[in-house]
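As a plain string of letters, each chain reads:
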Amino acid sequence: MAEFLQFVITGISVGMVYALIALGFALVWKSSSVANLALGQIVLLSSWFTYSMLVQAELPQYIAFPLVVVFALFLGWVIERFALRPLIAQPILSLITVTLGLGYFIEGVITFIWPWSVDALPQIFPRQVVHIGPAVVSWEYIWVVGICLTIFVLLTLFFRYHRMGIAMRATADDQMAVQACGIPVTRVFSTSWMFACVVAAIGGILISSIGGITHGLIETGLKSFSVVILGGLDSFSGAVVAGPIIGLAESLGGGYLTEHLWAGVKDIIPFVIIIIVMVIKPYGLFGEERIERI
Amino acid sequence: MTLPCGIRNYTYAEDMAIVRTGTHWVLLIGFLILLFTAPLYFNNYWLGVFNLIGITLIAAVGLNILVGYCGQLSIGHAGFIAVGAYTSAILTNRLEMPFLVGLIGAGLLSGLVGLLFGLPSVRVKGFYLAITTIAAQFIIIWVINHWGLTGGGNLITAPYPSIFGLEFRAESSQFYLIIGIAVLGVFFAKNLTRTKVGRAFIAIRDNDLAAEVMGVNLLYYKLLAFFIGCFFAGIAGALYAHWLGSLNAEQFSFTESILYVGMIIIGGLGTNIGPIFGVVFIRVLQQVLTIQLVPFLEKSVTVLPSGFATGITPMLFGLVIVLFLILEPRGLAHRWSLFKASYRLWPFSY
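Calculation criteria
Residues numbered from 1 in each chain as written. Chains lettered and ligands numbered in written order. Predicted model: local features only at pLDDT ≥ 70, side-chain atom pairs only at ≥ 80, totals over all residues. Helix = DSSP H or I, 4+ residues; strand = E, 2+ residues; numbered from the N terminus. Rg over C-alpha atoms; globule rule 2.2 N^0.38 Å. Buried ≥ 20, exposed ≤ 12 C-beta atoms within 10 Å, placed from the backbone. Contact = placed C-beta atoms within 7 Å. Nonpolar A, V, L, I, M, F, W, Y, C, P; charged D, E, K, R; others polar. Pairing = 2+ DSSP bridges. pLDDT = per-residue confidence, 0-100. Core = buried A, V, L, I, M, F, W, Y, C linked by C-beta atoms within 7 Å. Axes fitted to C-alpha atoms, helices over the stretch in contact; angles between N-to-C directions. Parallel < 35°, antiparallel > 145°, perpendicular 65-115°, else oblique. Expected span 1.5 Å × (residues − 1). Bend = angle between axes of the 7 residues up to and from the residue. Left-handed = near helix turned anticlockwise from the far one by under 90°.

Colleague: Just to check I follow, could you spell out the overall build of chain A for this structure?
Modeller: Secondary structure summary: chain A contains eleven helices and two strands in total. For chain A, the C-alpha radius of gyration of 19 Å lies close to 19 Å, the compact-globule estimate for 294 residues. Projecting the C-alpha coordinates of chain A onto the three principal axes gives extents of approximately 60 × 50 × 35 Å. The 294 residues of chain A split such that 49% are buried.

Colleague: Mind showing me how you'd approach the overall build of chain B here?
Modeller: Helix and strand counts for chain B come out as 15 helices and four strands. A globule of 350 residues ought to have a C-alpha radius of gyration of about 20 Å, and chain B, at 21 Å, matches this closely. Seen through its principal axes, chain B has C-alpha atoms that stretch 60 × 55 × 50 Å. Burial analysis of chain B (350 residues in total) assigns 45% to the buried set. In chain B, 76% of the contacts between residues at least 6 apart in sequence involve partners at least 24 apart.

Colleague: Help me out: how do you make sense of the interface of chain B and chain A in this one?
Modeller: Where the parts come together, the accessible area they lose is often given as the size of the interface. On the chain A side, the residues contacting the 45 residues of chain B number 39 residues. Secondary structure elements with two or more residues in the side of chain B that touches chain A: α7 (127-146), α10 (208-213), α12 (254-267) and α14 (308-327) of chain B. Top element by residues in the side of chain B that touches chain A is α14(B). It accounts for 14 residues. Across the side of chain B that touches chain A, the residue classes tally to 32 nonpolar, twelve polar and one charged.

Colleague: What exactly am I supposed to notice about helix α9 (residues 196-206) of chain B here?
Modeller: For an α-helix, 3.6 residues make a turn, and residues three or four places apart therefore share a direction. Those residues of α9(B) not exposed but buried are A200(B), F201(B), A203(B), I204(B) and R205(B). Where α9(B) is buried, its residues meet α4 (44-69), α10 and α11 (218-244) of chain B.

Colleague: Quick question: what am I supposed to make of the pairing of strand β1 (residues 129-132) of chain A here?
Modeller: Where a strand is regular, its side chains alternate between the two sheet faces. Residues and elements named next belong to chain A. By the bridge criterion, four bridges tie β1 to strand β2 (residues 135-138) in an arrangement that is antiparallel. Its bridge partner being in β2, H131 is matched across the sheet by V136. Here β1 hands over to β2 after two residues, with G133 in that stretch at a positive phi of 60 degrees.

Colleague: What's the story with the confidence of the model for chain B in this structure? I'm lost.
Modeller: Considering every residue of chain B, the mean pLDDT works out to 86; 97% of them sit at 70 or more. Two numbers describe this predicted complex: its pTM, 0.89, and its ipTM, 0.87.

Colleague: Even after reading the chapter, I still don't get the nonpolar core, so can you show me in this structure?
Modeller: Here is a general trend for soluble globular proteins: nonpolar side chains tend to be buried in one another's company. Grouped together as the largest cluster of nonpolar side chains are 195 residues, with contacts concentrated most on A19(A) and A82(B). Looking at this core, the element that brings in the most residues is α11(B), giving 17 residues. The residues contacting A19(A), other than those within four sequence positions of it, are C148(A), V227(A), A239(A), V240(A), A242(A), G243(A) and P244(A).

Colleague: How should I be thinking about the packing of helix α5 (residues 139-161) of chain A against helix α8 (residues 185-211) of chain A in this particular structure?
Modeller: A pair of packed helices is characterised by two quantities: the angle between their axes and the separation of those axes. Residue and element names in this part refer to chain A. Packing of α5 against α8 brings their axes to within 10 Å, and their N-to-C directions diverge by 170 degrees. Between α5 and α8, the angle falls in the class roughly antiparallel. The residues of α8 that touch α5, namely those facing E140, V144, I147 and I151, are V199, I202, L206, S209 and I210. Split into classes, the residues belonging to the contact of α5 with α8 amount to seven nonpolar, one polar and one charged.

Colleague: Can you help me understand α4(B) in this one?
Modeller: Residues and elements named next belong to chain B. The end-to-end C-alpha distance of α4 is 35 Å, a good match for the 38 Å that 26 residues give at a rise of 1.5 Å each. Approximately 30 degrees is the largest bend angle found in α4, and it occurs at L63. Buried residues dominate α4, accounting for 20 of its 26 residues. Phi turns positive one or two residues past the end of α4, at G71, with a value near 75 degrees.

Colleague: What exactly am I supposed to notice about the packing of α4(B) against helix α13 (residues 274-300) of chain B here?
Modeller: Residues and elements named next belong to chain B. The contact between α4 and α13 brings their axes to 8 Å, and the two run at 135 degrees. Considering the angle they form, α4 stands oblique to α13. Relative to α13, the crossing made by α4 is right-handed. Across the interface between the two elements, V49, L52, I53, T56, L57, A60, V61, N64 and G68 of α4 pack against G274, P275, I276, G278, V279, V280, R283 and Q287 of α13. A class-by-class count of the residues in the contact of α4 with α13 yields ten nonpolar, six polar and one charged.

Colleague: How do you make sense of the environment of E14(B) when you look at a structure like this?
Modeller: Relative to the assigned elements, E14(B) resides in helix α1 (residues 12-16). A count of 11 C-beta atoms within 10 Å places E14(B) in the exposed class.

Colleague: Before we go on, may I ask you to explain the environment of R81(A) in this structure?
Modeller: Its place among the elements puts R81(A) in helix α3 (residues 61-84). Through-space distance from the C-alpha of R81(A) to that of F189(A) is 9.2 Å; in sequence the pair is 108 residues apart.

Here it is, written out as structure tokens:
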């Protein structure tokens, strides 16, 4: 029982981070229908940048984290301006491949600057443990869940009440109409990319503070696609619901299936879920099923 | 198809011919002779590069049928190649079957696995399909890494290929085998795209709903595209296994899959000549970078960061893919046709 509870709590908190990263995906997808497959690399890059700020430059946390946010904003702006803007109105194939190319490029940059490929962030959250029932949980996990929930709430409020948030929702709905109303669509695009990168960077810091910085973070980015797929591509609430589900499936499956199957089954569960969802309900739990016309 | 000035077709056979004029024949036969006598002029190192290019070309031609002609984006091609490679290695090594059985078996099994992961393509497309194939890539590599039959993460060896007692041991004899199959594969793809099947693929790529309304059986043709594309991947994988001699799942990573998509985009999607340009471009660039340029730079510039050698390749390839998509989305094949047109019309502009 204690073991089960342990798995549930780790699963939910890791799932929350997946949901956060998935949110970064959904932001871009909703406003500009670009599938950002470089998400994992962006997560990794911002984790390494945080490492550089905290460990290599030895900045205090209250300076380092705002710098990371600024870096992520800049990264998002650069990606949108120089790689995606020239490809507006190109077929989806080009849009997907350009992010793949970007991811490859970022991976190269990471190997270039931080060639040692594995490291740990300094302690950000307290390492003490709390006892929840029979389970022993590190404070880190509770912090992670708290931060994720705060960001969800902030983003929801932003989309509901802020001018830019409303403009972004409108762009997602109908780009032509939005342009006719005088909303600068290109600015909406670049804002959504900047937001996406910030959200991914926060997710990266959270997950690498638990598990260290490795190339596995790229796979984490890919795993968060299972959250998007399960929740529905264009749904924020879908991502928030599906994230913990994926996290739970991953940690429970990893905990109980490893004996019966091969090691590393944990890392493959999100991908299996993708295939299952694709076959059964391709548009996810909350996704909007688009009816196509010729 | 635009015909050169002064050339007319008088019979249907002439109209359908791939090789049209005397000059075409001379150029084609000259090229083939040059290609098949390559072992005479190149040393073993470059023959190895050519073999790698040939193997990659077979896989890329398959991917081009799937992505370029049928429009079903697959980012898990390296996974399907791995299926072929391991199938052939196991068939010939563990079960001691002849090489030809391994080759065909690799193609068929890869095709079947492709069918399995292609099934969602009937309901979804675009990004959804891309994600499915990424999932396929990771699942396949995970299974290979953990299943006892496939070595469970250890190296697995494959014997040299031999057909009816004829053993392809040296780099130059393997060259004939690989390039021979590659030429056949390119010819098959060229012909396939001119048939009913190829036209159905193109119709699906351009608008699958319209194609379905016109009576194209989407289920059949999409799965057929997956089967053919992955069959090519399987053949390439088998040749790769027997060429290299030993296999490791690391050789079929996700980045390799991205590189395959990059190759056909750089070459030109949906053209028959495209994969050749793309593959030669990427593989030669890879060789020049890793074998020539990086050691040279490391020797002459002493202040290079330590990640330079490993980081420069993905950086440059990513950059090349992005730049091609932005600046020349139709790829090198488009440049080639522009060159041919200007060559034909010179010194006039049209």
